[in-house]
Amino acid sequence: GIILRMTFDSREHITGLLQVALASVAPEHTETPIHLERPKQASHGDFATNLPMQLARALKQAPRAIAERIVSALPASPLVSEVSIAGAGFINFALQADAKTRVVNTVLTQAGDFGRSTLGQNAKVLVEFVSANPTGPLHVGHGRGAAYGASLSDLLAFAGWDVTREYYVNDAGRQMDILAISTWIRYLDQHGVSIDYPPNGYQGDYVRDMARQLTNAHGDKYVRSHVAVLEGTPGLPDASRGDDEAKTQRELHLDALIANGKKLLAEDWPYVHQHALSEQLADGRDDLDGFGVDFQNWFSENSLFDTGLVARCLEKLDAAGHIYEQNGARWFRSTDFGDEKDRVVQRDNGLYTYFASDIAYHLNKYERGFDRMINIWGADHHGYIPRVKGAVQALALDPAKLDIALVQFAVLYRNGEKASMSTRSGDYVTLRSLRAEVGDDACRFFYVLRKADQHLDFDLDLAKSQSADNPVYYIQYAHARICSLMAQWNGAEADLKDADLALLTNPREAALTAFLGRFPEVIDSAARDLAPHQVAFYLRDLAAEFHGYYNAERMLLDDAELTCARLALSVAVRQVIRNGMTLLGVSCPESM
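Residues numbered from 1 in each chain as written. Predicted model: local features only at pLDDT ≥ 70, side-chain atom pairs only at ≥ 80, totals over all residues. Heavy atoms only, no water.

Draft legend 1. Seen up close, helix α3 (residues 63-73). Every buried residue of α3 is listed here: Ile 66, Ala 67 and Ile 70. The buried residues of α3 occupy an angular sector of 105° when projected down its axis, which confines them to one face. Close packing links the buried residues of α3 with α1 (10-25), α2 (51-59), β3 (80-86) and β4 (90-95). (Buried < 20%, exposed > 50% of the residue type's maximum accessible area, 1.4 Å probe, protein only. Helix = DSSP H or I, 4+ residues; strand = E, 2+ residues; numbered from the N terminus. Arc of directions from axis to C-beta. Contact = heavy atoms within 4.5 Å.)

Draft legend 2. Seen up close, the side chain of Arg 481. Take Arg 481: it is sitting in helix α18 (residues 471-489). No salt bridge is formed by the buried Arg 481, whose closest oppositely charged neighbour, Glu 545, lies at an N-O distance of 13 Å. Here Arg 481 is in contact with Phe 546, His 547, Tyr 550 and Asn 551, once residues within four sequence places are set aside. (Lys, Arg positive; Asp, Glu negative; His and termini not counted. Salt bridge = Lys/Arg side-chain N within 4 Å of Asp/Glu carboxyl O.)

Draft legend 3. The arrangement of the environment of Leu 188 in detail. Here Leu 188 is to be found in helix α6 (residues 174-190). Setting aside residues up to four positions removed in sequence, Leu 188 forms contacts with Val 193, Ile 195, Tyr 222, Val 223, Arg 224 and Val 229.

Draft legend 4. Spotlight on the packing of aromatic side chains. Here the structure, examined in full by the defined rule, presents 24 aromatic pairs. Their ring planes at 20° and their centres at 6.0 Å tell us that Phe 114 and Phe 519 sit as a pair that is stacked. You can see Phe 114 sitting in the loop between α4 (97-110) and β5 (124-128) and its partner Phe 519 sitting in helix α19 (residues 507-528), a full 405 residues away along the chain. By way of ring pairs, the aromatic residues Phe 332, Phe 337, Phe 355, Trp 377 and Tyr 384 are connected into one cluster. Looking at Arg 186, its charged tip hangs above the ring of Tyr 197, at a distance of 3.5 Å from the centre. Across from the ring centre of Phe 515, 5.1 Å away, lies the NZ or CZ of Arg 518, which sits over that ring. (Phe/Tyr/Trp six-rings, centres within 6.5 Å; stacked < 30°, edge-to-face > 60°. Lys NZ or Arg CZ within 6 Å of the ring centre and 35° of its normal.)

Draft legend 5. Examining the sheet that holds strand β1 (residues 36-37) more closely. The four strands lie next to each other as β1-β2-β4-β3, forming an open sheet whose pairing is antiparallel. Pairing within the sheet leaves two strands with one partner each, and these edge strands are β1 and β3. Where strand β2 (residues 47-49) and β4 come together, three bridges link them in antiparallel fashion. Looking across to β4, one finds that Phe 47 is bridged to Phe 93. Each of β3 and β4 touches α3; the most contacted strand, β3, lies at about 165° to it. (Pairing = 2+ DSSP bridges. Axes fitted to C-alpha atoms, helices over the stretch in contact; angles between N-to-C directions.)

Draft legend 6. Main features of empty space enclosed by the protein. Enumeration according to the criterion identifies one cavity of 30 Å³ or more in this entry. The calculated volume of the largest cavity comes to roughly 60 Å³. Along the walls of the largest cavity sit Asn 133, Pro 134, Gly 136, Leu 138, Tyr 167, Gln 280, Leu 281, Gly 284, Arg 285, Leu 288 and Trp 298, which together make up its complete lining. The element that contributes the greatest number of residues to the lining of the largest cavity is helix α10 (residues 269-290), accounting for five residues. Of the residues contributing to the lining of the largest cavity, the split by class is six nonpolar, four polar and one charged. (1 Å grid on protein atoms, 1.4 Å probe; cavity = no way out; pocket = protein on both sides within 12 Å on 5 of 7 lines; lining within 4 Å. Points joined across faces, edges and corners; volume = space filled by probe spheres on them. Nonpolar A, V, L, I, M, F, W, Y, C, P; charged D, E, K, R; others polar.)

Right under this line is the structure:
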């Protein structure tokens with residue numbers, strides 16, 4: 001269907017003319033989609049369509065002959081100055097000058113709504129992103145997923161989807177047990193019970209901070225003896241050993257410590273576990289909040305077990321013949337769905353695997369009735385896609401409703417050199433420290449400046465520089481320039497809606513108005529392709545067009561009429577910059 005915009009849109013207008021002609025030339029083919037392109041060369045007009053080529057086979061006629069019939073059937077339009085046939089059968093449309101400048105008025109009238117569309121038709125979409133294990137601070141890799149997910153969600157909402165943003169909290173499972181035991185061992189240390197810290201426990205200072213909070217709140221309530229904590233734990237291998245046997249020994253040692261912790265703390269274990277979880281979740285939430293990334297739902301993995309959904313999910317798969325038993329474990333036949341091997345869903349000790357709760361989580365998403373689900377995962381999860389899609393199919397759900405977008409890691413550069421990503425304690429550079437160094441605006445913008453599944457080189461010096469080479473600064477500077485023009489002008493901004501736009505006759509003005517008209521198209525294309533970087537590219541080009549115009553022409557002239565027309569165009573540019581930057585989570589300062 002046609003995407004309805006709130007006021008005049010030249011693309012929509014021409015599409016309408018073509019639909020009338022199509023109904024007369026090929027009444028039985030009126031469902032043919034009409035594609036309008038903007039020709040590369042301005043001499044070819046403002047829009048072109050390949051409709052005659054699309055109809056050639058059905059009508060058994062040469063495209064040029066069909067083109068001639070369509071052109072003669074087009075209704076007259078006061079907005080179109082010329083229609084011509086080119087090449088093998090393209091139809092080119094040139095617009096009247098006032099049809100092109102009309103966009104300025106549209107932008108001023110619609111303001112923050114310019115570019116909004118009904119493309120999504122209010123379909124319910126769930127965007128799940130970040131979803132990092134709450135076992136420590138978010139790092140710069142999580143930051144890219146956060147920026148991409150937030151901008152994509154805002155873009156989809158702007159393009160007419162009903163968006164829910166969700167963070168899946170892995171609060172069940174071994175990683176959380178490791179965080180709890182790490183916190184408890186640091187706590188024991190503060191009370192003089194010194195245990196060799198497990199090398200595969202969590203290393204950061206934040207673990208000591210959580211231990212200190214336990215001490216402050218509960219004194220020595222959770223202290224147990226050295227002997228009891230270590231009872232029955234296998235010894236640790238020499239720290240220098242990196243072989244598989246040594247790794248296995250360290251894991252067994254850690255598991256034995258966790259088992260002892262659960263036994264010795266008994267009913268206090270859930271409290272220590274919950275304390276570590278709550279602290280890390282609160283820290284992550286605070287970090288994301290400052291970064292302008294909000295979630296409507298924080299979805300607990302544990303709730304899938306509490307509601308019995310994991311067990312129900314496996315029964316469903318079993319009943320459909322997708323589960324078998326081997327060596328006491330239950331396996332999902334994921335090879336039937338293109339995975340390289342079958343996967344364990346329940347271990348021989350009765351414990352479910354991560355994969356089992358993931359399948360249940362997806363079942364839950366479908367049962368909540370979303371029309372579409374988008375998972376944003378780190379690129380290292382690429383191999384995980386076939387088995388999740390396979391499980392969805394095995395549950396007799398429609399896998400086409402599930403999109404998985406992959407986000408590559410970001411590599412930091414400083415002075416042209418790769419910046420070290422990890423500190424001595426093995427922590428990655430945190431998102432918080434990156435935000436502190438370059439600011440939230442540069443962070444949000446630089447993260448979406450490349451296609452999400454491409455590697456991103458994040459140049460820290462560039463992100464902090466105040467130069468035309470820094471795209472964030474360059475776009476914000478265009479916005480600030482227009483604000484300062486308006487401050488110097490002293491007129492009433494509301495009067496600009498009545499400006500005589502016919503005075504905008506020079507080639508730079510024509511190029512700028514054409515650029516503004518493209519914004520709604522960029523929004524639809526970026527939403528369709530799940531590609532917020534298209535908005536970032538567009539804004540950078542729009543800023544370049546404006547700076548070129550500003551440097552070439554005087555804006556505040558003795559001629560009040562021309563001044564008004566140029567300011568109307570400038571304010572329209574400022575509005576489109578604001579609309580685009582808002583979707584990317586970047587601010588627009590009024591002075592710089």
